[in-house]
Amino acid sequence: MILDELIKIDIKTLRSFMAIADCQGVTAAQTRLNLTPSVISGHLTHLEDRLGMTLCHRGRAGFKLTEDGAAVYEACIAFTESVANFQHQLHYIQQLDSVHGGHIRLCLTDQMPNFFYEVLRQRLASSYRNNPLIHFSIDVQSPENMLEKLLSNESDIGVGYFGSFPPLLTFKPAFVERQMVCCGREHRLFYNSEGLTLEDLEQNYPWIKRGYITDVSIHHVRPKTLSATTYHMEATAQMILAGHHVGYLPRDLAARYEKMGLMKVLLREEASYAVEHHWAYRQSQHKHVADFLNKMMNLL
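Residues numbered from 1 in each chain as written. Predicted model: local features only at pLDDT ≥ 70, side-chain atom pairs only at ≥ 80, totals over all residues. Heavy atoms only, no water.

1. Description of the confidence of the model for the chain
Interpretation of this model should avoid reading the predicted coordinates in detail wherever pLDDT is low.
Next, step 1: Of all residues in the chain, 91% attain a pLDDT of 70 or more, and the chain-wide mean is 88.
Next, step 2: Mean pLDDT across the elements of the chain ranges from a minimum in helix α1 (residues 3-8), with 55, to a maximum in strand β10 (residues 263-266), with 98. (pLDDT = per-residue confidence, 0-100. Helix = DSSP H or I, 4+ residues; strand = E, 2+ residues; numbered from the N terminus.)

2. As for unusual backbone geometry
Next, step 1: You will see that Asn 153, though not glycine, has its phi angle at about 60°, which is positive.
Next, step 2: Position of Asn 153 relative to the elements: it lies in the loop between α7 (143-151) and β5 (157-160).
Next, step 3: Take Asn 153: its relative accessible area is 6%, and that puts it in the buried class.
Next, step 4: With a phi close to 45°, Leu 267 is a non-glycine residue in the positive phi region. (Buried < 20%, exposed > 50% of the residue type's maximum accessible area, 1.4 Å probe, protein only.)

3. Focus on the side chain of Thr 236
Next, step 1: Among the secondary structure elements, Thr 236 is positioned in helix α9 (residues 233-242).
Next, step 2: Sequence-distant contacts of Thr 236, that is, excluding residues within four places in its chain, are made with Ile 208, Thr 230, Tyr 248 and Leu 249. (Contact = heavy atoms within 4.5 Å.)

4. Considerations on the environment of Gly 25
Next, step 1: For Gly 25, the location among the structural elements is in the loop between α2 (11-23) and α3 (26-33).
Next, step 2: The sequence separation of Gly 25 and Phe 63 amounts to 38 residues, and the corresponding C-alpha distance is 5.9 Å.
Next, step 3: Contact partners of Gly 25, with chain neighbours within four places excluded, come to Ile 20 and Phe 63.

5. Looking at the packing of aromatic side chains
Next, step 1: In this structure the tally under the stated criterion is twelve aromatic pairs.
Next, step 2: Seen from their ring centres, Phe 190 and Tyr 191 are 5.0 Å apart, and the 70° between their planes marks the pair as edge-to-face.
Next, step 3: Among the residues examined, Tyr 191 registers a relative accessible area of 62% and is labelled exposed.
Next, step 4: Each member of the aromatic cluster is reached from another via a ring pair, and the members are Phe 115, Phe 116, Tyr 117, Phe 175 and Trp 279. (Phe/Tyr/Trp six-rings, centres within 6.5 Å; stacked < 30°, edge-to-face > 60°.)

6. A short note on helix α11 (residues 287-299)
Next, step 1: Between its first and last C-alpha, α11 extends 18 Å over 13 residues, near the 18 Å set by a 1.5 Å rise per residue.
Next, step 2: Here α11 has its buried residues at His 288, Val 289, Phe 292, Leu 293 and Met 296. Taken around the axis of α11, the buried residues stretch over an arc of 135°, which confines them to a single face. α11 presents Lys 287 and Asn 298 as exposed residues on the side facing more than 90 degrees away from its buried surface. (Expected span 1.5 Å × (residues − 1). Arc of directions from axis to C-beta.)

7. Thoughts on the environment of Leu 14
Next, step 1: Mapped onto the elements of the fold, Leu 14 is located in helix α2.
Next, step 2: Judged by its relative accessible area of 9%, Leu 14 is buried.
Next, step 3: Considering only alpha carbons, one finds Leu 14 and His 46, 32 residues apart in sequence, at a separation of 10 Å.

Here it is in structure tokens:
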């Protein structure tokens, strides 16, 4: 395909196709893309029309890439990597003329542990003391969106817990955080949870689903009723405080509301689970980005 033809294809259609292939279907891809199935299907149809080929089979037999679809998917991965490398090289060139200054783009999941924020504040203060011209950008994203921003070179460093580990990025362990099941003061379990079992909690109470985690290996609880979905920890906390649902919160956030008398942790040992957070970044980095990351790693 010549460059002029490639330019005519909206990059959004390529990203939609990659998400469909990764998630094994249009419906499954809507959470990652935050688009409706009809819009995603439209992207796929547009791409197939532009390329003049069928990329996947959809129907009762299930989802499957065609031979052409598998080849286009591999080409999309190579294209994404090339674009990211191009953007990274431009960013690197922009920084070459200055020993000081530079831009560091951080991407975090929301509601990190208190000790992480303490370390981050120390490093930010030290960085500005040593290099007043440095510029930090800090973004809060879901794990899936964070990986997208890192792969497209819209962010330099990410830290979070991930359900997948794309080979184009480097991942290093950061820290372990504990997740706790909580109910609000308006929930009946707040006043009477004696004799509560994990099975009872799973089967007989409405739960909040965490919208941006799709890897079932991350936690072991399988609730029967999931009647609410949230994409941020504070949103989860507000749903819990409303009194109808139970759900998981990071230990430090749960403790904050517990101290206020607004929330209760249930089955503190039996239902809690540990989540390992990772640093995520591209291997090729500007020196000031690599220095900041290494110092953060050493402090944690």
